[in-house]
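Results of the structural survey
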Amino acid sequence: MLPRALLLRRLNAVNASARLRSTVKPARLTAGTVRHSSNTSTSPSTSKSSGEPTQQSSWLTRQIESSPAAKNAFLGIAKVLGYGSPKQLAARRAFVLYEKIAAMTPDEDKAFWLNGEHNFMLKLMVVLIFWYKDCYLPPTFQSWFTVTNLHVWLLTVRLRALPAEHGRHYIQALIDHFFIDVEDRVRAVLQPRDPQPEPYTFESTFYVNPNALPKDEAESGEKRKRKLSRAPDRIVTRQMKIFKEQWAGLGLAFDLALVQGDEELAAAIWRNLLGARGAQGIEYPAGNAAPATQNAPFRRTVNLVGGEVVNVEKVDFEKEATTDDNSGVHDFPPTEVDKYLTYPQVMLDLTTYIRQELARLDKVPDHDIMEGDWEKLRFTRVLEGVKKSTKQ
């Protein structure tokens with residue numbers, strides 16, 4: 001993962017390229033490269049017959065086109081700076097794929113069931129059954145990262161099938177956008193500022209930011225003085241390293257599962273999406289114990305790969321496992337042991353969903369991924385897709 005400053009400098013070239021491309025005919029500037037456009041259905045004959053006035057060329061365009069030497073010099077400088085290169089174009093297109101498809105999926109799942117075509121109680125029930133109830137993922141930033149990380153991986157698998165000269169650029173750009181957005185969101189929670197800066201992508205409704213502007217203030221426009229606490233940069237850096245390890249761990253586990261089969265995929269889902277609950281055994285209620293005593297044991301699965309975050313040799317795993325990390329993902333207490341009964345079905349649903357989405361993405365042409373209709377890549381809702389496959 002590259003430093004944030006370096007990533008932002010790289011992505012700033014995207015905006016500069018867009019300004020340069022507007023001064024020269026795109027076909028001439030990007031000769032030999034793939035051009036990205038959100039509207040590929042308009043042919044030259046269609047645009048001419050629309051009756052719209054032709055946009056007048058800019059002063060710089062007229063100067064360059066009037067002098068072959070100036071034109072060659074301009075294109076040479078643009079090529080040296082990387083403008084219009086496959087790498088630069090991939091960075092711009094990957095931002096659309098990340099913001100509109102991967103990052104939006106958790107919020108769209110929730111919005112679909114809350115604002116869709118079903119009655120309110122059914123919508124509310126389904127959204128709770130999926131990520132919140134059956135998966136038991138609380139509405140936290142960690143849960144948002146987990147769900148988004150899964151869909152970033154799904155896109156990454158499809159991008160690997162692009163031609164080699166494009167695939168590696170798209171994958172790297174997608175991951176860069178992902179971690180820039182993650183760091184931006186982490187700082188919004190740990191290092192809030194007033195007024196809040198514009199987010200890198202959008203504000204998610206999937207999780208609650210405790211430092212966000214209260215709803216009544218946001219709607220009224222009134223500003224009240226707030227005392228905001230800011231965590232030191234070392235906390236942000238440590239958290240980013242933890243997320244990097246989670247991203248790498250999920251990717252390796254799911255890549256292996258693609259080769260070894262659905263049993264391995266279900267196991268990877270249990271470890272990476274469901275918190276590996278019950279890994280150390282299931283705690284059953286004691287016969288005559290009081291309810292308060294039965295709820296006392298607390299245990300969570302500790303997955304530490306070591307290296308950047310902690311020295312694994314010095315970790316007291318028993319102490320870590322019994323310490324609440326406030327993630328909301330931990331083993332169920334004895335009084336809630338029946339919740340484990342839903343896990344086989346949840347793992348089956350998610351396994352079906354992942355296989356189904358990979359097969360669907362495989363059918364999307366490379367053209368639509370790189371410069372066509374990105375809507376074709378939009379993910380289906382988990383339970384919606386599973387129900388369709390069951391009916392078939």
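Please read all numbers here as calculations on a predicted model, not as lab measurements.

Right, let's get into the pattern of salt bridges. Evaluated as defined, the whole model comprises 11 salt bridges. Asp233 is paired through a salt bridge with Arg187; the nearest N and O atoms lie 3.4 Å apart. Placement of the pair is Asp233 in helix H12 (residues 233-260) and Arg187 in helix H10 (residues 164-190), with a sequence separation of 46 residues. Note on Arg187: relative accessible area 26%, which makes it partly exposed. With its nearest N and O atoms 2.9 Å apart, the salt bridge here joins Glu375 to Arg378.

Applying the stated criterion across every chain yields a total of 15 aromatic pairs. Aromatic side chains Phe179 and Trp247 sit 5.7 Å apart centroid to centroid with 90 degrees between the ring planes, which places their arrangement in the edge-to-face category. Linking Phe179 in helix H10 with Trp247 in helix H12, this pair joins segments that are 68 residues apart in sequence. A relative accessible area of 2% means that Phe179 is categorised as buried. Connected via pairs of aromatic rings, a cluster forms that spans Tyr98, Phe141, Trp144, Phe145, Phe178, Phe179, Tyr207, Phe243 and Trp247.

Before going further, it helps to spend a moment on the environment of Phe332. With respect to the helices and strands, the residue Phe332 is situated in the loop between helix H15 (317-321) and helix H16 (343-362). What makes Phe332 buried here is its relative accessible area of 8%. Between the alpha carbons of Phe332 and Tyr284 there is a distance of 9.7 Å; along the sequence they are 48 residues apart. Discounting residues that sit within four places of it in the chain, Phe332 has contacts with Tyr136, Arg277, Lys339, Tyr340 and Tyr343.

Thresholds applied
Residues numbered from 1 in each chain as written. Predicted model: local features only at pLDDT ≥ 70, side-chain atom pairs only at ≥ 80, totals over all residues. Heavy atoms only, no water. Salt bridge = Lys/Arg side-chain N within 4 Å of Asp/Glu carboxyl O. Helix = DSSP H or I, 4+ residues; strand = E, 2+ residues; numbered from the N terminus. Buried < 20%, exposed > 50% of the residue type's maximum accessible area, 1.4 Å probe, protein only. Phe/Tyr/Trp six-rings, centres within 6.5 Å; stacked < 30°, edge-to-face > 60°. Contact = heavy atoms within 4.5 Å.

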